[in-house]
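Reading the structure
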Amino acid sequence: MELNFGSLTFKVAQGDITRFPAEAIVNAANKYLEHGGGVAYAIAKVAAGDVREYIRISKEAMKEQIGRNWIEHGEVVVTPAMKMEQYGIKYVIHTVGPYCGGKWDEDKKEKLKKAILGALRKAEELGVKSIAFPAISAGIYGCPFEEVVKTFVEMVKEFSEEAKSVKEVYLVLYSKKDYERALKTLTV
Ligand code: AR6
């Protein structure tokens, strides 16, 4: 499933983002980059082989790149892909989405848009051609899946006006069920 916005293509795929062949993958992190569960834990484990080591690397990168011990929505931190390089991944871009706990409103949507845009702009800065996102905030943070998918489409469309280096944006869904739900959301 793909949508074209100018020179930018938005593609929905099913798979494990830790082995998805995009130059940059995005992590659905928390503000302290603690990588305790979900996709964050999976990325940390595959990248460094040891979650605690990748948390240490992430926090050090955050100090260097942001100058603080936490990030706001829209701020991102870049770490190396380490062992994921074997799949063609070069960078991990950590971004933090909103916590929803089942609720959804304009404020949460704005925070999610900021989180997505921050990662897209960083991908431009890094000069990558392809970037893959997980469904940020749709897991442990409990945001409604369909709203998350719709927000991705909106944000990618907006970003296509300023995209230069980035040509392919992927939304990688882990389960077949989520993949099918996303296709349904995009085709209505
Ligand atoms: N590949 C692709 N998608 C995945 C993978 C994977 N390997 N594993 C899980 N997902 P979540 P959040 C999907 O909970 O809601 C962490 O503890 C998953 O099915 O990872 O933003 C962080 O440190 C879901 O659709 O992220 C934060 O504290 C999506 O990824 C907190 O969770 C996002 O689920 C962030 O919560």
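An unreviewed UniProt entry lists the protein chain under the name Macro domain-containing protein, with Thermococcus litoralis as the source organism.

Relative orientation of the contacting elements helix 1 (residues 38-48) and helix 2 (residues 51-66) amounts to 100°, with a least axis distance of 8 Å. The orientation of helix 1 with respect to helix 2, classified from their angle, is roughly perpendicular. Of helix 2, the residues touching helix 1 (which contributes Tyr 41, Ile 43, Ala 44, Lys 45, Ala 47 and Ala 48) are Val 51, Glu 53 and Tyr 54. Partitioned by chemical class, the residues of the contact of helix 1 with helix 2 number seven nonpolar, no polar and two charged.

Neighbouring the ligand are 21 residues; Asp 16, Val 39, Ser 137, Gly 139 and Ile 140 lie closest to it. Within the side chain of Asp 16, one N or O atom sits 2.9 Å away from a nitrogen atom of the ligand. Burial of the ligand by the surrounding chains reaches 90%, relative to a free accessible area of 710 Å². If you list the elements that add at least two residues to the shell around the ligand, you get strand 3 (24-29) and helix 1. The element best represented in the shell around the ligand is helix 1, accounting for three residues.

Before going further, it helps to spend a moment on the side chain of Ser 130. Position of Ser 130 relative to the elements: it lies in strand 6 (residues 130-133). According to the relative accessible area criterion, Ser 130 is buried, its value standing at 8%. Non-local contacts of Ser 130, meaning those with residues more than four positions away in its chain, are made with Ala 22, Glu 23, Ala 24, Glu 168 and Tyr 170.

Turning to the pattern of salt bridges, a few remarks are in order. In total, this model carries 16 salt bridges according to the counting rule given. For Arg 56, the salt bridge identified is with Glu 60, shortest N-O distance 3.0 Å. Of the two residues, Arg 56 and Glu 60 both sit in helix 2, four residues apart, roughly one turn of that helix. Note on Arg 56: relative accessible area 42%, which makes it partly exposed. Judged by relative accessible area, which is 43%, Glu 60 ranks as partly exposed. Of the charged contacts in the structure, one is a salt bridge between Lys 109 and Glu 154, with a shortest N-O distance of 2.9 Å. Remark: Glu 154 occurs in helix 4 (residues 145-159) and Lys 109 occurs in helix 3 (residues 106-126); sequence separation between them is 45 residues. For Lys 109, a relative accessible area of 13% gives the class buried. For Glu 154, a relative accessible area of 32% puts it in the partly exposed group.

Thresholds, definitions, all that
Counting restarts for each chain: residues are numbered from 1 in the order of the written sequence. Selection of residues for local features in this predicted model requires a pLDDT of at least 70, selection of side-chain atom pairs for listing and counting requires 80 or more, and totals for whole chains, interfaces and linings are taken over all residues. Hydrogens are left out, water is left out, and the side-chain values use all remaining heavy atoms of the structure. Axis lines are fitted to C-alpha atoms, over the contacting stretch for helices. Their N-to-C directions set the angle, which ranges from 0 to 180 degrees. Only DSSP runs of H or I with at least four residues qualify as helices, and only runs of E with at least two residues qualify as strands; both kinds are numbered from the N terminus onward. In this scheme, roughly parallel covers angles under 35 degrees and roughly antiparallel covers those over 145, while 65 to 115 is roughly perpendicular and the rest are oblique. Should any heavy atoms of two residues lie within 4.5 Å, those residues are counted as being in contact. In this count, Pro and Cys sit with the nonpolar residues alongside Ala, Val, Leu, Ile, Met, Phe, Trp and Tyr, while Asp, Glu, Lys and Arg are called charged and the others, Gly among them, polar. Throughout, near means a residue has at least one heavy atom within 4 Å of the molecule or strand. The term polar contact refers here to a pair of N or O atoms within 3.5 Å; inside protein, the definition further demands a hydrogen-donor-capable atom paired with an acceptor-capable atom, and it admits residues adjacent in sequence only when both atoms are side-chain atoms. Here the open area of atoms and residues is found with the Shrake-Rupley method and a 1.4 Å probe, where only the protein chains shown may cover a residue. The classification of residues rests on relative accessible area computed with a 1.4 Å probe and restricted to protein chains. Under 20% of the type maximum is buried, over 50% is exposed, and intermediate values are partly exposed. Put simply, a salt bridge is a Lys or Arg side-chain nitrogen that is within 4 Å of an Asp or Glu carboxyl oxygen.

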